[in-house]
Structure formats: structure tokens, C-alpha cells
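Summary of the model geometry
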Amino acid sequence: VPHGGGPVRLAYLGDGLSRLTGVAVPADAGPEWFDRLVLPEDLPDYVATRAAAIRNRVPLRHEFRIRDAAGAVRWFSLRANPRPEAGGATLWDGLV
């Protein structure tokens, strides 16, 4: 994420996410793709928490529910830490 805002992209999503959700992760997956997995009632709080973490460059910690491909609801815990990079970008290292 460029300093002061800009596009957000997901550089890498591991195979584990596909195994947990039963949903194939496209190579060009972005935050909007991931947002579609989150239950609608959990999405506003998740998006607000993520936006605040990006804006303030502070660790992101959030728990939310996802409906997997089989229709089951599963709890997920997201943890990500910002790492400033040259040129003002921020790389987020995290685990779901």
C-alpha cells in the first residue's frame, strides 16, 4: 500500500486458504475477492478494521466468519503486520 493510500493487492495467498474454504484462489485475487468470502453481517466491521490498520500502519487483528464451499460457517482469525518498503509502500505479512 503506497503511503497515504493507493491500491491494495494481495501478493500471495497460500494453498491453505483453498483447503480451508474449498474455494480456489485466483492468481489475481485482491481484497474484494477475499471480502466476498466473509459473512455479510461480519463484513462491515472487518472492512473498517482493515481500513484503520492500513491507514495507521498498525498490526491488523480480526476474527470473522466465512461460509465455505460446502455451506458450513467457519471462524477465521486474521493477523497481519505492516512492513515499510522502499518508495513508501507497505507490505503486510500475515496469517489467516
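A few points on the structure. (Residues numbered from 1 in each chain as written. Predicted model: local features only at pLDDT ≥ 70, side-chain atom pairs only at ≥ 80, totals over all residues. Heavy atoms only, no water.)

1. Thoughts on unusual backbone geometry
Both trends apply: most residues other than glycine have a negative phi, and most peptide bonds are in trans. Within the chain, R57 stands out as a residue other than glycine whose phi angle is a positive 50 degrees. Mapped onto the elements of the fold, R57 is located in the loop between α3 (43-56) and β1 (60-67). (Helix = DSSP H or I, 4+ residues; strand = E, 2+ residues; numbered from the N terminus.)

2. A short note on the nonpolar core
Among the nonpolar cores identified, the biggest contains 14 residues, and W33, F34, V38, Y46, F64 and I66 are the most heavily contacted of them. Mapped onto this core, the elements with two or more residues apiece are α2 (31-35), α3, β1 and β2 (73-84). For F64, the residues in contact, after removing those within four places along its chain, are F34, V38, D42, Y46, R74, W75, F76 and L78. (Core = buried A, V, L, I, M, F, W, Y, C linked by side-chain atoms within 4.5 Å. Buried < 20%, exposed > 50% of the residue type's maximum accessible area, 1.4 Å probe, protein only. Contact = heavy atoms within 4.5 Å.)

3. Comments concerning the pattern of salt bridges
According to the stated counting rule, one finds six salt bridges in the structure shown. The shortest N-O distance in the salt bridge between R65 and D42 comes to 2.8 Å. Here R65, found in strand β1, pairs with D42, found in the loop between α2 and α3; they are 23 residues apart in sequence, far enough to count as distant. With a relative accessible area of 22%, R65 lands in the partly exposed category. Here D93 makes a salt bridge to R83, at a shortest N to O gap of 3.0 Å. With a gap of 10 residues between them, D93 in strand β3 (residues 90-95) and R83 in strand β2 connect regions that are remote in the sequence. Look at R83 and you get partly exposed, because its relative accessible area is 38%. (Salt bridge = Lys/Arg side-chain N within 4 Å of Asp/Glu carboxyl O.)

4. Examining the sheet that holds β3
Strands sit in the order β1-β2-β3 across an open sheet of three strands; the sheet is antiparallel. The open sheet has two edge strands, β1 and β3, and neither has a second partner. Each adjacent strand pair in this sheet contributes to an overall mean axis angle of 35 degrees, direction not counted. In this sheet, β2 lies alongside β1 in antiparallel orientation, the contact comprising eight bridges. By the bridge assignment, F64 is partnered in β2 with F76. (Pairing = 2+ DSSP bridges. Axes fitted to C-alpha atoms, helices over the stretch in contact; angles between N-to-C directions.)

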